[in-house]
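Topology and contacts: notes
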Amino acid sequence: ASQTSAGKATFSVSNPYEVSHSYRVITGTSPQYTSNEVTGAAELSAKATGVPQVHFNTNEGASVNTRTRYFEGQFSLVQAASNVKFPECASVQGKLGAMKGRGNYSWSFAKKSFTVKLDAKANLCGMGNSKKWALVANHYDKSLLRNTVADYIGSKLTNLAFTPDSRPVDVWFNGSYQGSYILIERIAGDTKAPRLPYDALDDNRVYNKTTTPLDPKDTPGFLLEWDFRKGADKNITVGGRGYAGIKDPENDYGKDSSASNPSGTLLGTGITTAQVNYINGYVDDCDAKLFGSNFKDDDAGWKSCIDLPSAVDYYIGMELMKPVDGNMWASVYMWKPKGGKLQMGPLW
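Parameters at a glance
- Residues numbered from 1 in each chain as written.
- Predicted model: local features only at pLDDT ≥ 70, side-chain atom pairs only at ≥ 80, totals over all residues.
- Heavy atoms only, no water.
- Helix = DSSP H or I, 4+ residues; strand = E, 2+ residues; numbered from the N terminus.
- Buried < 20%, exposed > 50% of the residue type's maximum accessible area, 1.4 Å probe, protein only.
- Contact = heavy atoms within 4.5 Å.
- Areas by Shrake-Rupley, 256 points an atom, 1.4 Å probe, with all protein chains shown as cover.
- Patch = residues over 30% accessible without salt bridge, like charges linked within 9 Å, V, L, I, M, F, W, Y side chains within 5 Å.
- Salt bridge = Lys/Arg side-chain N within 4 Å of Asp/Glu carboxyl O.
- Polar contact = N/O pair within 3.5 Å; in protein donor to acceptor, adjacent residues only side chain to side chain.
- Core = buried A, V, L, I, M, F, W, Y, C linked by side-chain atoms within 4.5 Å.
- Phe/Tyr/Trp six-rings, centres within 6.5 Å; stacked < 30°, edge-to-face > 60°.
- Expected span 1.5 Å × (residues − 1).
- Arc of directions from axis to C-beta.
- pLDDT = per-residue confidence, 0-100.

Examining the overall build of the chain
Helices and strands together make up the secondary structure of the chain, namely three helices and 15 strands. By the burial criterion, 43% of the 348 residues in the chain qualify as buried. Here the contacts in the chain between residues at least 6 apart in sequence split such that 53% fall between residues at least 24 apart. Here the chain has roughly 17,900 Å² of accessible surface; of this, 52% comes from carbon and sulfur atoms.

Side note on the environment of Trp172
Position of Trp172 relative to the elements: it lies in strand E9 (residues 166–173). Linking Trp172 and Gln53, residues 119 residues apart in sequence, is a C-alpha distance of 7.7 Å.

Some thoughts on unusual backbone geometry
Between Gly345 and Pro346 the backbone carries a cis peptide bond, its omega angle lying at 0 degrees. By secondary structure assignment, the location of Pro346 is in the segment after strand E15 (343–344). If you check the backbone angles, Asn174 has positive phi at about 50 degrees while not being a glycine. Looking at where Asn174 falls in the secondary structure, it is placed in the loop between E9 and strand E10 (176–185).

A closer look at a nonpolar patch on the surface
On the surface, Leu308, Val312, Ile316 and Leu320 cluster together into a nonpolar patch covering about 330 Å² of accessible area. In this fold, Val312 is placed in helix H3 (residues 308–321). Classification of Val312 by relative accessible area gives partly exposed; the value is 41%.

Some details on the environment of Lys322
Structurally, Lys322 is set in the loop between H3 and strand E14 (330–337). In terms of polar contacts, Lys322 uses its side chain to reach the backbone carbonyl oxygen of Glu319, at 2.8 Å.

Some remarks on the nonpolar core
Counting 27 residues, the largest nonpolar core has Phe75, Met99, Phe114, Leu124 and Leu135 as the members making the most contacts within it. If you tally residues by element for this core, the top one is strand E7 (residues 113–123), at four residues. Residues in contact with Met99, not counting those within four places in the same chain, are Phe56, Val64, Arg69, Tyr70, Phe71, Phe114, Thr115, Val116, Leu135 and Phe173. In terms of nonpolar packing, the next biggest core, distinct from the first, is built from 25 residues, Leu224, Val283, Cys286 and Cys305 among them.

Quick look at the packing of aromatic side chains
Overall, the coordinates contain seven aromatic pairs when judged by the stated rule. Residues Phe109 and Tyr140 carry aromatic rings whose centres are separated by 4.3 Å and whose planes lie at 35 degrees to one another, so their mutual orientation is tilted. Of this pair, Phe109 sits in the loop between strand E6 (92–102) and E7 while Tyr140 sits in the loop between strand E8 (129–136) and helix H1 (146–156), placing them 31 residues apart in sequence. Owing to a relative accessible area of 56%, Tyr140 belongs among the exposed residues under this scheme. Taking 4.3 Å as the distance between ring centres and 20 degrees as the angle between the ring planes, the aromatic pair formed by Phe228 and Trp329 counts as stacked. Pair noted here: Phe228 is in the loop between strand E11 (221–227) and strand E12 (234–237) and Trp329 is in the loop between H3 and E14, with a separation of 101 residues, a long-range link. Phe228 sits in the partly exposed class, given a relative accessible area of 33%.

Examining H3
An α-helical turn contains 3.6 residues, so a residue and the one three or four places further along point in the same direction. The end-to-end C-alpha distance of H3 is 20 Å, a good match for the 20 Å that 14 residues give at a rise of 1.5 Å each. If you check which residues of H3 are buried, you get Ser310, Asp313, Tyr314, Gly317 and Met318. One face of H3 carries all of its buried residues, which in axial projection span an arc of 140 degrees. Exposed residues lying more than 90 degrees from the buried face of H3 are Tyr315 and Leu320. In this structure, the buried residues of H3 make contact with E14 and E15.

Focus: the confidence of the model for the chain
The predicted coordinates should not be examined in detail at positions where pLDDT is low. Here the chain averages 79 in pLDDT, while 73% of its residues score no lower than 70. At the level of individual helices and strands, the chain shows its lowest average pLDDT in strand E3 (residues 23–24), which scores 46, and its highest in helix H2 (residues 273–290), which scores 94. Contacts from residues 17–40, a stretch scored under 50 in pLDDT, to residues over four places away or in other chains number 41 contacts. Across residues 191–210, confidence stays below pLDDT 50; counting only partners more than four residues off in sequence or on other chains, it has 63 contacts.

The structure is reproduced here in structure tokens:
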């Protein structure tokens, strides 16, 4: 550490994750005003908005302005000033976490949506313990209710294993108000216990020789998203009719053992080639059965590899909500448990 004659002290920290802070040391008994305080350490707003507040202060003091990397910082949830409507939303202060942009076409909107990954699981607004959350902007929805209504309808479709829960929140970044959002469970999250078989992947996201199944069929579960943009870390074709991204297992972010990657970059170690080839072959086989001459046959047709009850409920949800991407275009999810058939859902 060193200090200038003006009273400004600097010091270095090992493994600082590309973050540099500057402090000004004040001595004496008379009132003093400091400058060069920690960048991004904004005070939490005391404004009474009637809904819970989410605050995220980045270590770099920079805006979360890209989908290609995470920004590390501190996450806080502040209980609504009037706790009548949201009694389950207790305050959660100063959680270490990281955030990046999310969405495909929606990322072009003036108001952005974001992915949140906390350092440790937290039960936000009674929705269950999870590290992974999303802040969805509802930019084109003047009612700010459509996603919430869709979640409610999905929760009543009992053959869907899971429908994300959500709460309305107001959001601040580095002390700057961003607007009204919904805080929602991420589909590739870990909140409900028990929930989906692929949740077993969450606690060991980065695969290695001891955790990767020797046989890809033994993978606890796969989560897939139909996405014509091929926006996932790994993408497969489905019989030539479209593309599905593998959302789980997914690549992790952070530093590898050689420290050659800066913090916030994707490591690319979350899934093996054998696992990609296995799930690609499975969905191709289902596609062939669905469009084959024996498609109605219980053993040779599509029902041998796709779960019928979940397909029916998912179709009902799509017909009720009429999402623009619902025709196997984008944001249409499927998941496959170990030893089980392909399931439709969750709704998103």
